[in-house]
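Structure assessment
Residues per chain are reported as follows:
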Amino acid sequence: MDGLHIHGVHHAYGDTKVLQGISLTVPAGELVCLLGPSGCGKTTLLRLAAGLERLQAGSIAIDEKVVAGDGVKVLPEHRRVGYMFQDYALFPHLDVTDNIMFGLFRWSGEEAKARTAEVLRQVGLEQHAHKFPHTLSGGQQQRVALARAIAPKPRLVLLDEPFSGLDTNMRVRIREQTLNVLKEAGVATLMVTHDPEEAMYMADRIKGMGEGGNVLQSGRPTEIYYQPVDEYVARLFGPVNEIVTEARGREVKTPFGVVPARDYADGDRVKVLIRPESFSLSNAANGSNSRRVEVSASHLLGDSSLVEFRLADQLDDSENQLFKVQIPGNFDPLDHTRVWIGLAPEDAFVFAGD
Amino acid sequence: MVEISSTFELKYAPIDDDHKHLADIVTEIVDALDAEKLSDSADLVRKFVETTRTHFQDEEALLASHNYPHLDKHKAHHATLVQKLETLQDMGDKVVDHPQAADSLRKELIYFLMDDIINEDLNFKNFITEAAAKD
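Notes on the structure follow. Bear in mind that the values here come from a model prediction, so they are computed numbers and not experimental data. (Residues numbered from 1 in each chain as written. Chains lettered and ligands numbered in written order. Predicted model: local features only at pLDDT ≥ 70, side-chain atom pairs only at ≥ 80, totals over all residues. Heavy atoms only, no water.)

Points about the overall build of chain B
Regarding its fold elements, chain B presents five helices and zero strands. Sequence-ordered secondary structure for chain B, helices as α and strands as β, is α-α-α-α-α. Whereas a compact globule of 135 residues would reach a radius of gyration of roughly 14 Å, chain B reaches 16 Å, a difference of no more than 12%. Projecting the C-alpha coordinates of chain B onto the three principal axes gives extents of approximately 50 × 25 × 20 Å. (Helix = DSSP H or I, 4+ residues; strand = E, 2+ residues; numbered from the N terminus. Rg over C-alpha atoms; globule rule 2.2 N^0.38 Å.)

Encoded structure:
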């Protein structure tokens, strides 16, 4: 199968283990994203695939040809890998055309020129062909880096936090364009990011990585977001509300209704995690699970509002927990406004408590 | 056509044969989807799901018979995949009425086979080949 196949990769810097038995497959034309916090070994894995680090254990194959492991070590320049660094790593003394042509040193002059013109068209930078990197915006520099990565027609593209240096508006536009260019090229792409929204937008498959340098869960964005295997993976996608309680009769009671807890016996301590966007907010009771709450604060985030609230019938209780709900649009209530909060039981995740 | 190339082989015939059989079924599903025989593809997904369940049971019995030290972890992995099998079956059934979902099904089957099943099985490649050599 064409694409990238990494198997059983372990890596350590001295006594510090950064990767522990990582395996993954990226079919040609697909984009797989490694999602995890800083220091979880994501970039190390990219560098190993590119041949920029010596493989200590495991194997790496590109288009069914082993490039590292089993006694093989193919030099980086012979792997046909396009690497886009987090800081783009453009050559400041070369203009856009020469930056792109740098990777085409094996091509004939005419072929290299034609290919450079082609990729400049793909990323929409034809009119900037002879500008120097420092005269370009962040988004334009990112596109030059992408053009340089794909120009030699690599078998594999590696993207290291490719949009982290861009402002919000630019990031949305550039990631859409990047995805289109990569899909058009039909190349296998492995991308690393710590941004869950970026991962969900770009990836055909996400691999959630833990701090121990291992993959905790693999799946389609929908699957990994809605069916996280553990608390760590659930939290990779942002802050969650947490209710610590006990299971009883294969379910748990929460202030927002009963939630199934089939894997837990009576008396087991459990954590119920609820994403802020999983709550619904309304001005009237909506079903038996609706709960009257008092709004403590509301923050407009642009296209949504983050609303903090406490249970209205326990306001005198010092342990009355603060919850957060995120709803579309602007919600600008008066102080102490009372509203109703609802929750679909399937939108709550139950995991073992500490 | 979905093929198990050498980098995906355990070099242990009973397991490699199982994987090849699963790859053959995926190829049949992809062919049925390409030919827009969507009812056939749903039946084939059912066959894939059943064959995978049997593969998991056989593999766990094999590893138990050789006292594989990480058997519990592998069984836990199988348990998560059994949940995914239900999703795959659901996707297979939905494609009958929603042909536009064929690409998603095709893609998910290939990831499921190559990434979820075979990549994980490669973790016991050395163990099982050494155990077999001792038999």
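What about the environment of Arg292(A)?
Residues and elements named next belong to chain A. On the secondary structure map, Arg292 appears in strand 17 (residues 291-300). Residue classification places Arg292 among the partly exposed positions, given a relative accessible area of 33%. The sequence separation of Arg292 and Thr43 amounts to 249 residues, and the corresponding C-alpha distance is 46 Å. The contacts of Arg292, once residues within four sequence positions are left out, are Leu311, Ala312, Arg338, Val339 and Trp340. (Buried < 20%, exposed > 50% of the residue type's maximum accessible area, 1.4 Å probe, protein only. Contact = heavy atoms within 4.5 Å.)

Remarks on the sheet that holds strand 17 of chain A
Residues and elements named next belong to chain A. Across the sheet, which stays open at both edges, the five strands sit in the order 16-20-17-18-19 with antiparallel pairing between neighbours. Looking at the sheet topology across the chains shown, the edges are occupied by strand 16 (279-282) and strand 19 (323-328). Strand after strand, the sheet turns through a mean of 45° between neighbouring axes, direction not considered. (Pairing = 2+ DSSP bridges. Axes fitted to C-alpha atoms, helices over the stretch in contact; angles between N-to-C directions.)

Looking at the sheet that holds strand 15 (residues 269-274) of chain A
In sheet architecture, strand pairing relies on hydrogen bonds along the backbone and comes in two forms, parallel and antiparallel. All names here are of chain A. In space, the three strands of this open sheet follow the order 12-15-21, with antiparallel pairing throughout. The open sheet has two edge strands with one neighbour each: strand 12 (241-246) and strand 21 (348-352). Sheet twist, expressed as the average angle between the axes of neighbouring strands with direction ignored, equals 25°.

A closer look at the nonpolar core
Buried together is how nonpolar side chains tend to be arranged in soluble globular proteins. Grouped together as the largest cluster of nonpolar side chains are 42 residues, with contacts concentrated most on Ile100(A) and Leu182(A). Formed by 41 residues, the second largest nonpolar core is a distinct cluster that contains Val49(B), Leu113(B), Ile117(B) and Leu122(B). (Core = buried A, V, L, I, M, F, W, Y, C linked by side-chain atoms within 4.5 Å.)

Brief notes about the interface of chain A and chain B
Chain A puts 21 residues into the contact, and the matching count from chain B is 18 residues. In this structure, Asp204(A) and Lys107(B) form a salt bridge, with 2.7 Å as the shortest nitrogen-oxygen distance. Viewed at the interface, chain B and chain A are joined by 13 residue pairs in polar contact (both at pLDDT 80 or more). Elements supplying a minimum of two residues to the side of chain A that touches chain B: strand 1 (3-13), strand 2 (16-27), strand 3 (31-35), strand 10 (205-209) and strand 11 (215-219) of chain A. (Salt bridge = Lys/Arg side-chain N within 4 Å of Asp/Glu carboxyl O. Polar contact = N/O pair within 3.5 Å; in protein donor to acceptor, adjacent residues only side chain to side chain.)

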